[in-house]
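Spelled out from the first residue to the last, the chains are:
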Protein chains: 2
Amino acid sequence: MTSKRERTRERILETALGLFRKRGFDATTMRDIAAAAGMALGAAYYHFRSKEALVMAYYERNQSAHEAAAHARFAQASDVTARLAAAFHSKLDVLSRDRKLLGAVFRSAGDPDDPLSVFGSGTAGLRDRSTAIFAEALAPLGLPSATAEVLARALWLAHLGLLLYFLHDRSRGQARTRRLVDELVGLFAPALTFAGSPGFAPVIARVIGAMDRARPPERPSARAKNKRGSGEGRSGSA
Amino acid sequence: MTSKRERTRERILETALGLFRKRGFDATTMRDIAAAAGMALGAAYYHFRSKEALVMAYYERNQSAHEAAAHARFAQASDVTARLAAAFHSKLDVLSRDRKLLGAVFRSAGDPDDPLSVFGSGTAGLRDRSTAIFAEALAPLGLPSATAEVLARALWLAHLGLLLYFLHDRSRGQARTRRLVDELVGLFAPALTFAGSPGFAPVIARVIGAMDRARPPERPSARAKNKRGSGEGRSGSA
DNA sequence: GTCTATAACATGATAGAC
DNA sequence: GTCTATCATGTTATAGAC
């Protein structure tokens, strides 16, 4: 039994996505969404604290879709080249209708205080799930776990870049992005085969060391939603 | 002799940067800027068509600073490892005070229609200048020009990633970012030495081919400033 | 051409009543 | 949970002073 809360949330999200797809993210206002969902502006904000939160909710849902799609493809793909291509292509498949929304995901990337930043702690769960798919793609290599983890993270990063490319790609059906995936996977996947060989151990160790030292210590998550430094508005809970 | 126009522009930009640095980009309003610069809101907009345009003006200026700083360092650095480190570190030097502004640069990255997007045609000039610095760092290798160009572009891309890391880096003096530069440069620069050797020619050719096919054809620059699909506002020049 | 003063607008977001 | 104000801000517009 879905609660009323959930049903309302769903209705808002569905309505918003429809409008985003049709007009784009910026051209769709929260008032449009609320009106189309048959409720007042405030009600929409009650369920989603910001317009970008709607995109994040969508993205969370899509993560599940990506997992399903990737797993389906993985079942047919045993070698790493095919599995990597499967991981990337299935992501593109899942997002194909929604390039217009995708930009909103990146908008907060450069703001460390934004809870919705792709790199922030607020999205860690989603990030881990996404990274896990790439780890699965690499599974047949049987790499040491530390190596596999580093590679999966690197692939997740590359996948972000790919989405950026995808989003800017005006070729029909984003054919260029599709080809780019094939070319890059074809180029680098064979090299990965060597990543487990003993000769590369020192290199791998060095990369792992560098990435470990580089990884920021998890901060206690500063829940700073207030952009306006002074403008406390009327939120005066003195 | 600087025109009045230029002097006023300078004053606005300087004031804005001061406020951005102190309070951050979002917390600084155009009204604040105009007031602090001792002029009316309209005057600020007369000189800068948008708030982000201020950031871009700043970025343009910083590009020049980076060129100067990098060249100064290049004069002392002959081997590629040192030159690459110089290129990256000088960029960080130039931006060190301004991490709070940097986020604004990335905000529009995911919007293909935004003239200020780092990947868009509106910023092509700045992008080329920035890429050129990395090409200079590689100069001692004497690589074929096609190879050098591909590598320089790749480095420019990596440098964007570095800025993203820099911006999120909360370590004191962004020490982690500094170390990351050293580690990555130390790791990859030696490998670049082989990029010119005949054995790697086929690999390089393949990468160049992939990147050429992937590069989008320069579009005739759709100067779309109008985000709101329908909202023509009052600009009704029927 | 540069700027002031002021009003207006659309939108994202919030507070407080019901 | 939902609605009705109400706000702050980016941005545009207008009319005129120098």
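What you see is a predicted model; the values in this text were computed from it and never measured.

A.B. asks: I'd like a description of the overall build of chain A, backed by residues and values.
C.D. replies: Scanning chain A for helices and strands turns up ten helices and zero strands. Moving toward the C terminus, one meets the helices and strands of chain A in the order α-α-α-α-α-α-α-α-α-α. Sorting the 238 residues of chain A into buried and exposed places 46% on the buried side. Restricting the contact set of chain A to residue pairs at least 6 apart, pairs at least 24 apart contribute 71%. Accessible surface for chain A amounts to roughly 12200 Å². Of this, 57% is attributable to carbon and sulfur atoms.

A.B. asks: Let's hear about the domain arrangement of chain A: which residues, and what values?
C.D. replies: Residue and element names in this part refer to chain A. When the domains of chain A are assigned, the result is domain 1 (1-49) and domain 2 (63-213). Taking the mean C-alpha position of each, domain 1 and domain 2 sit 30 Å from one another. In this complex, domain 1 contributes seven residues to the contact, which on the side of domain 2 involves six residues. Overall, the association of domain 1 and domain 2 removes approximately 600 Å² of surface from exposure, summing both partners, and the carbon and sulfur fraction of that is 54%. At the boundary of domain 1 and domain 2, one finds two salt bridges. Across the salt bridge formed by D98 and R21, the nearest N and O atoms sit 2.4 Å from each other. For the pair domain 1 and domain 2, the number of links is two residue pairs in polar contact (both at pLDDT 80 or more). When grouped by side-chain class, the residues that make up the side of domain 1 that touches domain 2 number three nonpolar, one polar and three charged.

A.B. asks: Kindly report on the relation of the copies chain A and chain B, identifying the contributing residues and their values.
C.D. replies: With an RMSD of 0.3 Å, the operation that places chain A on chain B is a rotation of 179° combined with a shift of 0.1 Å along the axis. Each copy turns onto its partner about a two-fold axis. Taking C-alpha positions as the reference, the residue of chain A nearest the rotation axis is A:R107, at 2.4 Å. A share of 100% of interface residues in chain A that are also interface residues in chain B marks the association as one of identical surfaces.

A.B. asks: Residues and numbers for the pattern of salt bridges, please.
C.D. replies: Close approach of charged atoms allows side chains of opposite charge to pair. Residues and elements named next belong to chain A. Taken as a whole, this structure holds 21 salt bridges over all chains when the rule is applied. Note that R61 is salt-bridged to E14, the shortest N-O span being 3.3 Å. On the criterion of sequence distance, the pair formed by R61 in helix α4 (residues 51-74) and E14 in helix α1 (residues 4-23) is long-range, its members being 47 residues apart. Overall, the relative accessible area of 39% leaves E14 in the partly exposed class. Between R73 and D93 there is a salt bridge whose closest N-O contact spans 2.7 Å. Here R73 is found in helix α4, whereas its partner D93 is found in helix α5 (residues 80-95), with 20 residues between them in sequence. On the accessibility criterion, R73 (33% relative accessible area) is partly exposed.

A.B. asks: Requested: an account of the protein's contact with DNA strand D, with residues and values cited.
C.D. replies: Close to DNA strand D lie 22 residues; A:R5, A:A40, A:H47, B:R31 and B:K51 are nearest. Backbone atoms, meaning sugar and phosphate, make up 62% of the atoms of DNA strand D lying within 4 Å of the protein. At a separation of 2.6 Å, a phosphate oxygen of DNA strand D approaches a polar backbone atom of A:A40. With respect to DNA strand D, the side chain of B:R31 contributes an N or O atom lying 2.9 Å from a base nitrogen.

Criteria and thresholds
- Residues numbered from 1 in each chain as written.
- Chains lettered and ligands numbered in written order.
- Predicted model: local features only at pLDDT ≥ 70, side-chain atom pairs only at ≥ 80, totals over all residues.
- Heavy atoms only, no water.
- Helix = DSSP H or I, 4+ residues; strand = E, 2+ residues; numbered from the N terminus.
- Buried < 20%, exposed > 50% of the residue type's maximum accessible area, 1.4 Å probe, protein only.
- Contact = heavy atoms within 4.5 Å.
- Areas by Shrake-Rupley, 256 points an atom, 1.4 Å probe, with all protein chains shown as cover.
- Domains from an automatic or database assignment.
- Buried area = accessible area lost by both parts, 1.4 Å probe.
- Salt bridge = Lys/Arg side-chain N within 4 Å of Asp/Glu carboxyl O.
- Polar contact = N/O pair within 3.5 Å; in protein donor to acceptor, adjacent residues only side chain to side chain.
- Nonpolar A, V, L, I, M, F, W, Y, C, P; charged D, E, K, R; others polar.
- Least-squares fit on C-alpha atoms with pLDDT ≥ 70 in both.
- Near = heavy atom within 4 Å.

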